[in-house]
Amino acid sequence: MSRDHAHFNRRMLLAGLGAGAVGAAAAAAPILSLRLVDTRVGRPASWWDRTYLSLQSAGLAEWTAIVGETFTLETPRGSHMLRIASVTAFPRSGPRPTSLARSQAFSVLFEALAGPALPGTDRLYQLTHPSYPPLPIYMGAPVSAGQKSRLIAVFN
């Protein structure tokens, strides 16, 4: 093999490695935006005991740990601030299919903070929070409880 041919192969190898590194960084970007939580205590985890949490597939323990957190609900009428008021587990009734992301079904009750009236229909909404990736979530129509409006989301 000639020296020019070997030099060309090294250049190609380095260019390929560089492109691969850029691709890996782009693929890892969504993962890096996930919140680190110790699911046993619901607080940010230590550096040696971490669980990456995306609320898209989070279970009962992870949602219970964030009761009281405030989220922004995006609707066609504008943004609404919602606080997680409670998380309620559904009774277990036999084995669950292994294909489900969660080990138990539960509901999350969101309470509207001051702001415009909540939309009156069941539909898919976008929830945002500074510590989590955006979450598309299906919520039932709001119900009134005194002066407050509440929305319920069911996670199976």
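In this text the structure is predicted, and so the values were computed from the model without any measurement. Residue numbers run consecutively from 1 along every chain, following the written order of its sequence. Local features in this predicted model are restricted to residues of pLDDT 70 or higher, and side-chain atom pairs are both shown and tallied only at a pLDDT of 80 or more, whereas totals for entire chains, interfaces and linings draw on every residue. Heavy atoms from the whole structure form the basis of all side-chain values; hydrogens and water molecules are not counted.

Chemist: How do you make sense of the sheet that holds strand S3 (residues 70-75) when you look at a structure like this?
Modeler: Working definition: the strands of a sheet are paired by backbone hydrogen bonds and lie parallel or antiparallel to each other. If DSSP finds at least two bridges between two strands, the strands pair. Helix numbers and strand numbers start at the N terminus; a helix is a DSSP run of H or I with at least 4 residues, a strand a run of E with at least 2. The seven strands are arranged S7-S6-S3-S4-S5-S9-S8 in an open sheet whose pairing can be described as antiparallel. Taken across any chain shown, the strands that pair with only one partner, and hence form the sheet edges, are strand S7 (132-139) and strand S8 (143-145). Strand after strand, the sheet turns through a mean of 40 degrees between neighbouring axes, direction not considered. In terms of strand pairing, S3 meets strand S4 (residues 78-89) through six bridges, oriented antiparallel. Lines fitted to the C-alpha atoms define the axes, with helices restricted to the stretch that makes contact. Angles between their N-to-C directions range from 0 to 180 degrees.

Chemist: How do you make sense of the packing of aromatic side chains when you look at a structure like this?
Modeler: Centre-to-centre distance and the angle between the planes together describe a pair of aromatic rings. Classification of ring pairs rests on two measures: the distance between centres of Phe, Tyr or Trp rings, Trp counted by its six-membered ring, which must be within 6.5 Å, and the angle between planes, read as stacked under 30 degrees, edge-to-face over 60 and tilted in between. Under the criterion given, the structure shown has five aromatic pairs. In this structure an aromatic cluster arises from ring pairing among Trp63, Phe71, Phe106, Phe110, Tyr132 and Phe155.

Chemist: I keep staring at the pairing of strand S6 (residues 123-129) and nothing clicks. Help me out?
Modeler: It is a general feature of regular strands that their side chains alternate between the two faces of the sheet. In this sheet, S6 lies alongside S3 in antiparallel orientation, the contact comprising three bridges. Bridge assignment links Thr72 to a residue of S6, and that residue is Thr128. Relative to S7, S6 is paired through six bridges, and the arrangement is antiparallel. Bridge assignment links Tyr125 to a residue of S7, and that residue is Ile137. Counting the residues between successive antiparallel strands, the hairpin from S6 to S7 contains two residues.

Chemist: Explain the side chain of Glu111 here, please?
Modeler: By the element assignment, Glu111 lies in strand S5 (residues 106-112). Judged by relative accessible area, Glu111 falls into the buried class, the value being 5%. Within the local environment of Glu111, its side chain forms a polar contact with the side chain of Lys148, the two groups lying 3.4 Å apart. A distance of 2.8 Å separates polar atoms of two side chains, one belonging to Glu111 and the other to Arg150. Any two residues having at least one pair of non-hydrogen atoms within 4.5 Å are treated as being in contact. Discounting chain neighbours no more than four positions away, the residues touching Glu111 are Met81, Leu82, Arg83, Ala85, Lys148, Ser149 and Arg150. Three exposure classes are used, based on accessible area relative to the maximum for each residue type with a 1.4 Å probe and protein chains only: buried under 20%, partly exposed in between, and exposed over 50%. Pairs of N or O atoms within 3.5 Å make up the polar contacts considered here, provided that, within protein, one atom can donate a hydrogen while the other can accept it, and that residues adjacent in sequence are counted only when both atoms are side-chain atoms.

Note that all results are geometric; they support no functional claim without further evidence.
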